[in-house]
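Residue-level structure breakdown
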Amino acid sequence: MEKNDVRELVNNFFRECSTVAWGESLDALLRVKLVRQERSVIKQEESNFQIMKRLTENFMGHFNGDETLFDKTYSLLAAVDVFAFMEALAEKLEKDYGGLQVPSVLWQLVCDKLKASSCRTVLLPEAERILSGIIGVAKAFPEKKFVIPTMNEQMFRLQSLAYEEYPNVEVVWANIYDASFSEQKYDFIFSLPAFNAMNINQKGTFIDSKSDLIATENLLNALATEGQMMILLPARITFGGGNVAKLRRFIEEKYSVDSISAMPNGLLYPFTAIRTYLMEFSVGETTQVQVRAYESDQKRSKNGVRTMYCTKQSALSKEDFDELGNWNIELLWAEKDEAMEQYQNSSVPKVKLEEVAEIFRGKMVKEKSMEGNIGLINISNVVGVHLDYAAIDCFQDEIRNVLKYELAEGDVLVTNRGTAIRAGVFEKQDKVCIPSANLTAIRPKEALNGKYLSIFIESPVGQTLLKSIQRGETILNINHKDLCELMIPLPSLEQQEKIVEEYEREAKLYQKITNEAQERWEAARIKLYKELY
């Protein structure tokens, strides 16, 4: 059956059987294939429906339909190739429902690496995300053994059927989020793990509880001597603090960072719009770290990124890479900027923001109005160093419920959502005020002047530093935990106050001159209009 015919069959199946979920589709296919397999070896006069119930309902549960529906399903699916169906199904679900599949441009990088590598054993976890590529590499590299772990029972049984004729492909029941998922070691691993999933079914103690970081740590432990791993991860792996920083140190101490590649915006769209990085790690020593940035000329669409090209590439010595302090290669590109170069070379001491301030997130408030006993500062109120209090939203609640969010004189508010990074300093109001969830509050300690911090955030260098730690692609997304790691210049308090005084003096003068110029221009226009007639 041709590929287009299989695609049409999948579409017919969705229409005829009203099945639109990945799991339900695989369920139907597996039941049909098991019945057909049984039909080929027994001569009993049972209906297809009876065989299906006997074979599958003990481990798959009740079939959601009657005999007529199953007969229709059987007639549609009995002759179709298992793998071709799964591949077409994955393509449809990715296109119509945003299902996560490894983009072809990313898979091509993996294939290029496999072609250049002498590896013998290859681990491809959660292979339901790379259905369109597995048979291709199995055929292209018959000398390599491909191990395909899955924790989806339907996928395990179906892929076992699909790859029967490929002796170099082995499907195994395994969970990459479980510390004991495999005792075997592999020469090469590629993974696109689940992003940011919490409370995932996992056993063992890991540095962090988020799924992508568990997978990274776990899969590294499965590398053989001189083994290599490619893994696509959210941007926070390059700059995040806390447990993310601990994982980076763990990797640097036990493994080598071979390359870090910034992927183009929209790579996994519409599944997610977060920034991603392709990381390459290995067992052993390395003398250089390759850093790259990829871009695409395509506008973001539900079809994802189909073409991309490398726009920036550098090779850093291990010593230079270690001096970065983290893996934030966005700052590496920015170092060529004159302002950033001045910042990097300045003798003014730099400290992590969390060392000189308390940082906390704002509160999500659903019901807002112009009346209420509590004021809510939002993005629209942050217009500069001084906030705009003229149109603050309000809401009604007991004060004790918002005490941990209550703003104090001198708190700095930074936008963490929206399209622009802005900061302003809060001044005490007649009523209790709190920041909205779209803002992060920074409460300076004695060594830091809030207005100085706001001015720094407004500066080109401050904007560059904050953009380098945002997690979103085009829409701003800055996590308050990442702000803790922001390195800010910290001159003496006296010098900070001097900068603030001069900034405010010049801002007032600018406003005065602007207002006067505007008034003069309005008067001139009115005068000239009258001379027209």
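Attention in this report is confined to the structure presented alongside it. Please read all numbers here as calculations on a predicted model, not as lab measurements.

**A word on the packing of aromatic side chains**
Tallying each qualifying case throughout the model produces nine aromatic pairs. With a centroid separation of 6.3 Å and an interplanar angle of 45 degrees, the aromatic rings of F70 and Y74 are classed as tilted. Here F70 pairs with Y74, and both are found in helix 4 (residues 67-77), just four residues apart, close to one helical turn. Y74 matches F70 in its accessibility class, with the two residues each being buried. Taking the centre distance of 6.2 Å and the plane angle of 70 degrees together, the rings of Y389 and F426 count as edge-to-face. Of the two residues, Y389 is situated in the loop between strand 12 (374-377) and strand 13 (393-395) and F426 in the loop between strand 16 (423-425) and strand 17 (432-435); the sequence distance between them amounts to 37 residues. On the basis of relative accessible area, F426 is assigned to the buried category, the value being 1%. Taking NZ or CZ as reference, K350 lies 4.9 Å from the ring centre of Y343, over its face.

**Points about the sheet that holds strand 18 (residues 439-444)**
Reading across from one edge, 11-18-14-16 is the order of the four strands in this open sheet, with antiparallel pairing throughout. This sheet does not close on itself; its edge strands, each paired only once, are strand 11 (357-361) and strand 16. Sheet twist, expressed as the average angle between the axes of neighbouring strands with direction ignored, equals 20 degrees. Two strands pair when backbone bridges link them, and strand 14 (residues 412-415) and strand 16 are joined in this way by three bridges, in the antiparallel orientation. Looking at strand 16, one finds that V414 is bridged to A423. With respect to the sheet, helix 16 (residues 450-458) is in contact with strand 14, strand 16 and strand 18, its orientation differing from that of strand 16 by roughly 165 degrees.

**Brief notes about the environment of E46**
Mapping E46 onto the fold places it in the loop between helix 2 (22-39) and helix 3 (48-60). Those residues in contact with E46 that sit more than four places away from it in its chain are R39, I51 and R54. At a separation of 2.8 Å, a polar atom in the side chain of E46 contacts the side chain of R54.

**Here we look at the packing of helix 9 (residues 211-220) against helix 11 (residues 243-254)**
At their nearest, the axes of helix 9 and helix 11 sit 11 Å apart, and the two run at 15 degrees to each other. With respect to helix 11, the axis of helix 9 lies roughly parallel. With respect to the hand of their crossing, helix 9 and helix 11 are arranged in left-handed fashion. Only V244, L247, F250 and I251 of helix 11 make contact with helix 9, whose side of the interface consists of L213, T216, E217 and L220. Its residues placed into classes, the contact of helix 9 with helix 11 shows six nonpolar, one polar and one charged.

What counts, and where the lines are drawn
Residues numbered from 1 in each chain as written. Predicted model: local features only at pLDDT ≥ 70, side-chain atom pairs only at ≥ 80, totals over all residues. Heavy atoms only, no water. Phe/Tyr/Trp six-rings, centres within 6.5 Å; stacked < 30°, edge-to-face > 60°. Helix = DSSP H or I, 4+ residues; strand = E, 2+ residues; numbered from the N terminus. Buried < 20%, exposed > 50% of the residue type's maximum accessible area, 1.4 Å probe, protein only. Lys NZ or Arg CZ within 6 Å of the ring centre and 35° of its normal. Pairing = 2+ DSSP bridges. Axes fitted to C-alpha atoms, helices over the stretch in contact; angles between N-to-C directions. Contact = heavy atoms within 4.5 Å. Polar contact = N/O pair within 3.5 Å; in protein donor to acceptor, adjacent residues only side chain to side chain. Parallel < 35°, antiparallel > 145°, perpendicular 65-115°, else oblique. Left-handed = near helix turned anticlockwise from the far one by under 90°. Nonpolar A, V, L, I, M, F, W, Y, C, P; charged D, E, K, R; others polar.

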